[in-house]
Amino acid sequence: MTYQEAQAAARLCIGEKCHACPVCNGRACKNTVPGPGAKGVGDVAIRNYDKWQEIRVNMDTLCENRPIDTSLELFGQTFRYPFFAGPVGAVQLHYSDKYSDVTYNDALVAACAKGGIAAFTGDGSDPNVMVAATAAIAANGGMAVPTVKPWNIDTIREKMALVAQSNSFAVAMDVDAAGLPFLKGLTPPAGSKSVDELREVVEAAGKPFVVKGIMTVKGALKAKEAGAAGIVVSNHGGRVLDQCPSTAEVLPEIVEALRGSGVKVLVDGGIRTGVDVFKALALGADAVLIARPFVTAVYGGDQEGVLAYIQKLAGELEDTMQMCGAATLADITPDMVRLPR
């Protein structure tokens, strides 16, 4: 199966909000981007994609012809490629009932592990979403990252007990989910976190903690102060606040602010190809997350669809590295891309 075949199959079963477009660029779904909380005109999802396309790669083939090594070491684990599947929860609500959170996570986590990468799994207002995700992670040797919503601390501690049972190598929180309507008005309150509150969550996790949803230098430094092992530069797929910049626009300044700190920097938002992955690494990211195309892959081809997408990304990344003179990820440098003027 190819990823294009998985896309075609997904269009028949993925529901009304997502169209499994040939290019997932936010234009067809606009403010009905899958998931609760798509706000305003949905301009940020489109901007995320467009800004990566404005960055061009610099070809240089006057280099030693060496084998390409795309491997990455992160949080004590070695991965075949520097990209991961992003977190998605409540798939029956957001997509269609072809998959439940149990069957979706079973397929995604297992296929990513087979493909040499890891999946970040989702969370939701239904407690069974996290139960299903952590069960799938445990069944695959802990090779995934459960992502917890910014609930109140008591709920977070309950979730962390599930995370501990999963034996995952890291855990994440998507703090940008504070903009989702279902988190507002809860008692006790959920949503944004102070540095002290986040530090309490990091300590409760007991393993490398990744803060997803950082869009400013100030936010990155707060995450570092709270003890985060990594961050994800992310605006929640452009779904939680109109008029945000794209992740590509803010990534370089955040990387610079954390240089030498030991905090790992990941990025998501509109990254769709192996060429896009290369661009993100050239701007200083350690790795990237990609979410919605993996949903399409599962709905269109189950584990086979996921493996097809991984291989598509891998082939594009390897070819770009070869043509730009980078044999390893460490060889990818800022001068290998041209930024818009």
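To start, this report covers the structure provided alongside it. On a predicted model such as this, the values are computed, not experimentally measured, just so you know.

In this section: helix 7 (residues 195-205). The complete set of buried residues in helix 7 reads Val 195, Leu 198, Val 201, Val 202 and Ala 205. Buried residues of helix 7, seen end-on, are gathered within an arc of 120 degrees and therefore sit on one face of the element. Among the exposed residues of helix 7, those oriented more than 90 degrees off its buried face are Asp 196 and Glu 203. Contact partners of the buried residues in helix 7: helix 6 (153-166), strand 7 (171-174), strand 8 (209-214) and helix 8 (217-225). Directly after helix 7, the chain includes Gly 206, whose backbone phi takes a positive value near 70 degrees.

Core analysis: the biggest nonpolar cluster contains 108 residues, and Phe 84, Phe 209, Ile 231, Phe 294 and Tyr 299 have the highest contact counts within it. The greatest single-element share of this core, amounting to 13 residues, is contributed by helix 11 (residues 292-324). For Phe 294, the residues in contact, after removing those within four places along its chain, are Phe 84, Ala 85, Tyr 104, Leu 108, Cys 112, Ile 117, Val 306, Tyr 309, Ile 310 and Leu 313.

Here four bridges tie strand 9 (residues 230-233) to strand 10 (residues 264-267), and the two strands are oriented parallel to one another. Counterpart to Val 233 in the pairing with strand 10 is Val 267. Taking the sense of rotation as the criterion, the β-α-β connection linking strand 9, helix 9 (residues 247-257) and strand 10 turns out right-handed. Of the pairings in the sheet, the one linking strand 10 to strand 11 (residues 287-290) comprises two bridges and is parallel in character. Each bridged residue has a counterpart across the sheet, and for Leu 266 the counterpart in strand 11 is Ala 287.

Turning to the pattern of salt bridges, a few remarks are in order. Counting across every chain of the model gives 14 salt bridges. Put simply, Arg 47 and Glu 249 hold a salt bridge, and the shortest N to O gap is 2.8 Å. One end of the pair, Arg 47, is in helix 2 (residues 43-54); the other, Glu 249, is in helix 9, and 202 residues separate them in sequence. Of the residues examined, Arg 47 reaches a relative accessible area of 33% and is grouped as partly exposed. In this structure Glu 249 comes out as partly exposed when scored by relative accessible area, which is 32%. Between Asp 276 and Lys 279 there is a salt bridge whose closest N-O contact spans 3.7 Å. Of this pair, Asp 276 and Lys 279 both sit in helix 10 (residues 274-282), three residues apart, roughly one helical turn. You can call Lys 279 buried: its relative accessible area is 4%.

Let us now look at the packing of helix 4 (residues 101-115) against helix 11. Taken N-terminus to C-terminus, the directions of helix 4 and helix 11 make an angle of 15 degrees; their axes are 8 Å apart at the nearest point. In terms of orientation, helix 4 and helix 11 fall into the roughly parallel class. Here the hand of the crossing between helix 4 and helix 11 comes out left-handed. Counted together, Tyr 104, Asp 106, Ala 107, Leu 108, Ala 110, Ala 111, Cys 112, Lys 114 and Gly 115 of helix 4 and Phe 294, Val 295, Val 298, Tyr 299, Asp 302, Gln 303, Val 306, Leu 307 and Ile 310 of helix 11 form the full contact between these two elements. Tallied by class, the residues present in the contact of helix 4 with helix 11 amount to 13 nonpolar, two polar and three charged.

Right, let's get into the environment of Asn 140. Position of Asn 140 among the secondary structure elements: in the loop between helix 5 (127-139) and strand 6 (144-148). Along the sequence, Asn 140 and Gly 300 sit 160 residues apart, while their C-alpha atoms lie 22 Å from each other. Leaving out residues up to four positions away in the same chain, Asn 140 has contacts with Val 109 and Ala 110.

Of note in this structure, Lys 30 is not a glycine but carries a positive phi near 40 degrees. Looking at where Lys 30 falls in the secondary structure, it is placed in the loop between helix 1 (3-10) and helix 2. In this structure, Ala 90 is a non-glycine residue whose phi angle is positive, near 55 degrees. Turning to its location among the elements, Ala 90 is positioned in the loop between strand 4 (83-85) and helix 3 (91-94).

Quick notes on the rules
- Residues numbered from 1 in each chain as written.
- Predicted model: local features only at pLDDT ≥ 70, side-chain atom pairs only at ≥ 80, totals over all residues.
- Heavy atoms only, no water.
- Buried < 20%, exposed > 50% of the residue type's maximum accessible area, 1.4 Å probe, protein only.
- Helix = DSSP H or I, 4+ residues; strand = E, 2+ residues; numbered from the N terminus.
- Arc of directions from axis to C-beta.
- Contact = heavy atoms within 4.5 Å.
- Core = buried A, V, L, I, M, F, W, Y, C linked by side-chain atoms within 4.5 Å.
- Pairing = 2+ DSSP bridges.
- Right-handed = clockwise from strand over helix to strand, strands pointing away.
- Salt bridge = Lys/Arg side-chain N within 4 Å of Asp/Glu carboxyl O.
- Axes fitted to C-alpha atoms, helices over the stretch in contact; angles between N-to-C directions.
- Parallel < 35°, antiparallel > 145°, perpendicular 65-115°, else oblique.
- Left-handed = near helix turned anticlockwise from the far one by under 90°.
- Nonpolar A, V, L, I, M, F, W, Y, C, P; charged D, E, K, R; others polar.

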